[in-house]
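The residues making up each chain are set out below.
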Amino acid sequence: MADALTGLRERLSAVMDLNYAASLLSWDQRTYMPPGGTTARAHQLATLRRLSHEHFTDVEVGRLLDALAPIADDHANDSDEAALIRRTRRDYEQARKLPLEFVTEWARARALSNQAWEEARRRSDFALFQPYLEQQFDFAKRQAEYLGYDEHPYDALLDQYEPGMKTAEVRTIFDELKAGTIPLLKAILSSGGVVDDGVLHQTFDEAKQEQFGVEVTQAFGYDWQRGRQDRTVHPFCTNFGRDDVRITTRFYPDFLSAALFGTMHEAGHAMYEQGVDPAFSRTLLSRGASLGVHESQSRLWENLVGRSRPFWQANFTRLQELFPQQLGSVDIEDFYRAINKVQPSLIRVEADELTYNLHIMLRFELEVDVIEGTVEVADLPEEWHSRMEAMLGVTPTSDAQGVLQDTHWSSGGIGYFPTYTLGNVLSVQLWERAIATHPTIPDEIARNEYGKLLGWLREHVHRYGRKYEPRELIRRATGAPLNPQPYMSYLHRKFGEIYGVSV
Ligand code: ZN
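What counts, and where the lines are drawn
Residues numbered from 1 in each chain as written. Predicted model: local features only at pLDDT ≥ 70, side-chain atom pairs only at ≥ 80, totals over all residues. Heavy atoms only, no water. Helix = DSSP H or I, 4+ residues; strand = E, 2+ residues; numbered from the N terminus. Buried < 20%, exposed > 50% of the residue type's maximum accessible area, 1.4 Å probe, protein only. Contact = heavy atoms within 4.5 Å. Pairing = 2+ DSSP bridges. Axes fitted to C-alpha atoms, helices over the stretch in contact; angles between N-to-C directions. Salt bridge = Lys/Arg side-chain N within 4 Å of Asp/Glu carboxyl O. 1 Å grid on protein atoms, 1.4 Å probe; cavity = no way out; pocket = protein on both sides within 12 Å on 5 of 7 lines; lining within 4 Å. Points joined across faces, edges and corners; volume = space filled by probe spheres on them. Nonpolar A, V, L, I, M, F, W, Y, C, P; charged D, E, K, R; others polar.

(A) Just the environment of Leu 392, in detail. Within the secondary structure, Leu 392 is located in helix H16 (residues 380-392). Assessed through its relative accessible area of 5%, Leu 392 is described here as buried. Leu 392 has contacts with Leu 185, Pro 344, Ser 345, Thr 355, Leu 358 and His 359, leaving out every residue within four places of it along the chain.

This is how it looks when you write it as structure tokens:
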């Protein structure tokens, strides 16, 4: 059996090397590649992904997994080896359920759909994108049928991003959040409490914005010896193993928040990957447990740390030093309120902490309705408008500000959106558990020290990589299942205090 394990590890190492090489080519495409390189790059990526897929779904992997089944089937076995075999078995079976023609056809369709979406968004014309989106939903339905599900076809899609999560559970969590958020939002909007965020909309030198971001993320614990930052239109985090984890940021010359909180967010993702147990390197365990767990890390650093009073007690003077003209005479409390302003808006990525989840709920509900067949793709712009109006009280005046704003659907990412809100929910459960263990964490943050917080996250989340399924990881780390109540209470406490309302 030791031979089979060695054989499996060798096989996985090669698969991971191919995947990381493909990721590096993608990173290059989004950062430095000249536009002329697009076609050649598409071929290179397709070749690497095909090789990786073939290498992974080879019958030899099945033979090795069969030989190792006694280890995986022993449920009392909590070893890294048993987890590796179980995860590999799951991924292997899923990968083999999708016919190669389907995978190839879908990959090609995604590239075309993405191109069509960019054009449609630029011209704010949904009709240009509609046939491609219909096709993407069709692929999603077929994918669900190939993969299989017990209750709802959407379960199979969700499972790709949040293993084990069910549509019905998401609905329950979202209903609870919506019931808590909408009255609070209404109370805030009718309170007459005005928060002025004009201080954030001034001219901010890009190099100084970058400097501050580097200092902050270094203090958090992002290891720059194993990371770097570049510029992209859409910020992201990617890695080629735990020792090369890169982030990207976008800088607006006239708005401070985008790069400031975007950099903290991506560093949160990056620290998770940098913290995975080195023993998992070049295996399927060497990355975050799910997109939801990943998002809990980015949101924790961005919101619970970065948008908190203790953080700014430690850092506001430094920011004023960098921007004396813009912020020199600004009161720290006014700055805290500005970065936490609640304002219903049309664009998800610009939404505040409170209204953000409503944007996610809208997308989740529409996706499920289209999969169920109760809403037609052709009706999405109208549905989008009326549901935005009902939930947030704002109505898009164009498709670009509405149904065309996100890239996810054009790249086949149906089932992805809920993980953003699940991550928000989890971030507060983890935060509260860390503070229960180390009550001095907020005082340390006020001194610009993050070792205890990062140490707790490393010990209870990061190091495990993909060893446990999200449900198991969450139970181990927080002692409870995923629960929206702590998050809801946090939002009520924080924004109730800022706006002087209680619901
Ligand atoms: Zn994120």
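(B) Molecular detail of the sheet that holds strand E3 (residues 245-249). One open sheet holds the 3 strands; their spatial order is E1-E3-E2, and the pairing between them is mixed. Each edge of the sheet is formed by a strand with only one pairing partner; in this case those strands are strand E1 (227-231) and strand E2 (237-239). Averaged over all adjacent pairs, the angle separating strand axes in this sheet is 25°, with direction ignored. As paired strands, E2 and E3 are joined by 3 bridges and run antiparallel to one another. Paired with Cys 237 across the strands is Ile 247, a residue of E3.

(C) Quick peek at the pattern of salt bridges. Applying the stated criterion across every chain yields a total of 42 salt bridges. Among the salt bridges present, the one from Glu 93 reaches Arg 89, with a minimum N-O distance of 3.3 Å. With Glu 93 and Arg 89 both in helix H4 (residues 80-97), this residue pair falls 4 residues apart, about one helical turn. In this structure Glu 93 comes out as partly exposed when scored by relative accessible area, which is 39%. Arg 89 gets classed as partly exposed once you look at its relative accessible area, which sits at 24%. We note a salt bridge from Arg 471 to Glu 169, for which the minimum N-O separation is 3.0 Å. Here Arg 471, found in helix H20 (residues 470-478), pairs with Glu 169, found in helix H8 (residues 167-190); they are 302 residues apart in sequence, far enough to count as distant. We classify Arg 471 as partly exposed; its relative accessible area is 48%.

(D) Just empty space enclosed by the protein, in detail. This structure, assessed with the given rule, holds 5 cavities of 30 Å³ or more. In this structure, the largest cavity encloses a volume near 70 Å³. Lining the largest cavity are 13 residues, and of these Gln 209, Phe 212, Gly 213, Ala 259 and Leu 260 lie nearest its centre. Broken down by element, the residue count for the lining of the largest cavity peaks at 5 residues, all from helix H9 (residues 206-220). Along the lines of polarity and charge, the residues of the lining of the largest cavity split into 7 nonpolar, 4 polar and 2 charged. Estimated volume of the second largest cavity: approximately 60 Å³. Around the second largest cavity sit Arg 87, Arg 90, Pro 163, Ala 289, Arg 466, Tyr 468, Glu 469 and Pro 470, which together line it.

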